[in-house]
Structure formats: C-alpha cells, structure tokens
Amino acid sequence: MPELPEVETVARQLDPLAGRQLIRGVEILDPLLGFSEEERLRGRRISRVRRIGKEVVFQLEDPKGKAAELLLAVHLRMTGRLIYQGETDGSDRGDKYLRAVLELEQGKVRFHDMRRFGTMKLYESEAEAQPAGAEPLDRGFNAASIGELIRGSSMEIKVWLLRQDRICGIGNIYASEILHDCGIDPFRPASSLNDAELGLLAASTKKILRKAIKHCGTTFSDFQNANGEVGGYQKYLRVYQHSGEGCRHCGTEILRAVQAQRSTFWCPACQR
DNA sequence: CTTTCAGCCTGGGCGC
DNA sequence: TGCGCCCAGGCTGAAA
C-alpha cells in the first residue's frame, strides 16, 4: 500500500494514538523480519510518530533522558499495515499475517504484512534516518531543484520519478497520476524536460501528493490506515488502472504499458 | 555509470 | 476443482 500519502496518513493517525505512550514490550512473530533489538525498545517512550520518506518512524525517548534518541522505522513495502488496537479489542490469535506487535501502556500497534516484504529497523540518530532522496513536500522543492536532480539523466521520466535516491515518496500510482496532471509523456527522457515542464512537474507532484494526503491515500485491496479504515483517493485517480477508458480531459483511450517491469498508465493525447 | 531482470513473498483473478 | 499464467502502492543485487 505504501507511497508517500499512505505512509503520511498512517503516521498522522498513529501519532495521537501511540504518541506519548511507553513501550512495555515488543513481540516479533515473523523471524524473516530479522529484528532482534526488542530489549532496546522496552521502557522507551514514544515522543512522536511521523513519516520520513516512505517510512513510518517512531521517535523514542531515552528512559533516563541521557542516552541518545532512538528511532524505530517501519517500511510497509507492498502490503504492510500498522494498526492501532485499543486495550479492549480482540486478540491476535488466528492472524497469520501478523509480523510484530508493539505493546504499549494503553494498547498495541500491530504490524500486519501479507507479502512479508516490509522491514523494521532502528536508526541511532535523526541524521541516520534521513533518506537519500529529496522530500517533495519541502518548501525548497521546485523547478530548479528537480532540474538539478534530473540533470543529465537519460532515464524515462516515469521511471526516474520512482528513484527513491533522487525524490523519496513517489511510487507507481502517483508517478502515473502526476505525469498525467502535468501533461508530460512518461516515456520522455528525463533530461529532455525544459524549465517550464520542470516547473509543471514540481507543481503537479506537490498538488497530487497533497490532495492524496487530504483524502487519506488510495485503497485498492490492501491499504488500511491506523484505524483499519481505507483511503478515499482512488476515486480521484485519472489514469492508474483506468486503461481502456476515456481520458477525463480529452476522451482519448487511456493506455497501459510496462516500464522497468512496472505498469504505466497514460493518455497519449494529453501527455506530450 | 547505465539498464535489465530475477527474486523476495502471498495472494487474487483469469483462461482452460 | 485444479493448474498455470499474469498481476499487485517496493526495493535489492547480480549481470550485461
């Protein structure tokens, strides 16, 4: 489920629920997680929950206020969910996709992940948690900065948008949606975009991601937020999974193709 | 450096 | 019912 808007949604909903709570214990149910630092988490208080790149990060205070801050980062990959469960809710028995549980004072956070691609790890500092790629919702993200990141890349622009080491947070749904919004052909070499197009691309990136956050992300089958509810952005998708339908702008048939082993959806008339 | 591609894992959906 | 494909909001690492 996880692109930037979905991860942001989970973090925003988890923060008031789990924030300020003490971690009583951590249970790892799936050895494939490869996480064995439960003891370092026990007794720490969650100061806040937020998104960094595509990760949900629990910032943890030191119990005595002396040692350095610690950050627990969960990457949901394709099917991960973090769901807050209040004290009175049901048990975990019978949930075969439950991978880990954070036991808190008042309830628990369940890490549920059918395909088991998700990861859980610790960062020792704020700096270490920072992703390599630029944060697209930062004020400084604009035509000039995206142009600088792109410079010289002959990759197709849609494939380039998925590079987390350049821009973090955009995934396969929003890459197609962003390019449709700004009218840029997904097959164009990234370096072929002129300044005006870079400006449109930067603006559409912010616009689409912000709108998706406003609607709590996109749900097809897997995504659920921290309360086990679904997102609402799917009704605003213009091209993703709409191949064969008419473009909302011009009526031309939306096409699907494969780039870098991922589906791309676009309008061949609107996007040049 | 690039680009491609198999692989990680567990399904759902389709055609036969 | 079953089998064999293809598909899926991500990302890595090996190979060419």
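All of the points below concern the structure found in this document. Bear in mind that the values here come from a model prediction, so they are computed numbers and not experimental data. (Residues numbered from 1 in each chain as written. Chains lettered and ligands numbered in written order. Predicted model: local features only at pLDDT ≥ 70, side-chain atom pairs only at ≥ 80, totals over all residues. Heavy atoms only, no water.)

Some details on the overall build of chain A
Looking only at helices and strands, chain A has seven helices and 10 strands in total. Compactness check: chain A gives a C-alpha radius of gyration of 20 Å against a globular reference of 19 Å for 272 residues, within 12% of the reference. Buried residues in chain A amount to 50% of all 272 residues. By sequence separation, contacts in chain A at least 24 residues apart represent 62% of the contacts at least 6 residues apart. Side-chain charges in chain A split into 40 positive and 37 negative, and the spacing between the mean points of these groups amounts to 2 Å. (Helix = DSSP H or I, 4+ residues; strand = E, 2+ residues; numbered from the N terminus. Rg over C-alpha atoms; globule rule 2.2 N^0.38 Å. Buried < 20%, exposed > 50% of the residue type's maximum accessible area, 1.4 Å probe, protein only. Contact = heavy atoms within 4.5 Å. Lys, Arg positive; Asp, Glu negative; His and termini not counted. Charge placed at Lys NZ, Arg CZ, Asp CG, Glu CD.)

Considering the packing of aromatic side chains
How two aromatic rings sit relative to each other is set out by the distance from centre to centre and by the angle between their planes. Scanning the model with the defined rule gives four aromatic pairs in all. A centroid spacing of 5.7 Å and a plane angle of 35 degrees characterise the contact between Tyr233 and Tyr236, whose relative ring orientation is tilted. Judged by relative accessible area, Tyr233 falls into the buried class, the value being 1%. Taken together, Tyr174, Tyr233 and Tyr236 form an aromatic cluster joined through their ring pairs. (Phe/Tyr/Trp six-rings, centres within 6.5 Å; stacked < 30°, edge-to-face > 60°.)

Quick notes on the sheet that holds strand E1 (residues 23–28)
Sheet architecture is open: four strands sit in the order E1-E6-E7-E5, paired in antiparallel fashion. Strand pairing shows two members of the sheet lacking a second neighbour, E1 and strand E5 (80–86), which therefore form its edges. Sheet twist, expressed as the average angle between the axes of neighbouring strands with direction ignored, equals 15 degrees. Of the strand pairs in this sheet, strand E6 (residues 98–104) and strand E7 (residues 107–113) are connected by five bridges, and their pairing is antiparallel. Counted as the bridge partner of Ala100 is Phe111 from E7. Docked against the sheet, helix H1 (residues 4–18) engages E5, E6 and E7, running at close to 25 degrees with respect to E5. (Pairing = 2+ DSSP bridges. Axes fitted to C-alpha atoms, helices over the stretch in contact; angles between N-to-C directions.)

A few points about the state of the cysteines
A complete count under the given rule lists zero disulfides for this structure. The thiol of Cys182 is unpaired, and the distance to the nearest cysteine sulfur, on Cys270, comes to 11 Å. Residue classification places Cys182 among the buried positions, given a relative accessible area of 11%. Left without a disulfide partner, Cys250 is nearest to the cysteine sulfur of Cys267, which lies 3.6 Å away. Since its relative accessible area comes to 39%, Cys250 is described here as partly exposed. (Disulfide = S-S within 2.5 Å.)

What about the protein's contact with DNA strand B?
In the vicinity of DNA strand B, the residues found are Leu32, Lys96, Tyr97, Met114, Arg115, Arg116, Phe117, Ser154, Met155 and Gln261. Take the atoms of DNA strand B that sit within 4 Å of the protein: sugar and phosphate atoms are 53% of them. Between Ser154 and DNA strand B, the recorded distance is 3.3 Å, taken from a side-chain N or O atom to a phosphate oxygen. With respect to DNA strand B, the side chain of Gln261 contributes an N or O atom lying 3.2 Å from a base nitrogen. Across the surface near DNA strand B, the residue classes tally to five nonpolar, two polar and three charged. (Near = heavy atom within 4 Å. Polar contact = N/O pair within 3.5 Å; in protein donor to acceptor, adjacent residues only side chain to side chain. Nonpolar A, V, L, I, M, F, W, Y, C, P; charged D, E, K, R; others polar.)

Considerations on the sheet that holds strand E8 (residues 119–123)
The strand order E2-E3-E4-E8 describes an open sheet built from four strands, whose pairing is antiparallel. Unpaired on one side and paired on the other, strand E2 (45–52) and E8 mark the two borders of the sheet. Adjacent strand axes in the sheet meet at a mean angle of 20 degrees when their direction is disregarded. When strand E3 (residues 55–61) meets strand E4 (residues 70–75), the two strands line up antiparallel, connected through six bridges.

Section: the pattern of salt bridges
Close approach of charged atoms allows side chains with opposite charge to pair. Summed over all chains, the structure comprises 18 salt bridges. Its salt-bridge partner being Arg20, residue Glu61 comes within 2.8 Å of it at the nearest N-O pair. Taken as a pair, Glu61 in strand E3 and Arg20 in the loop between H1 and E1 lie far apart in primary sequence, 41 residues in all. For Glu105, the salt bridge is made with Arg45, and the minimal N-O distance between the two is 3.5 Å. Of this pair, Glu105 sits in the loop between E6 and E7 while Arg45 sits in strand E2, and the two are 60 residues apart along the sequence. Three or more residues are tied together by salt bridges with common partners; here these are Glu8, Arg12, Arg51 and Glu135. (Salt bridge = Lys/Arg side-chain N within 4 Å of Asp/Glu carboxyl O.)

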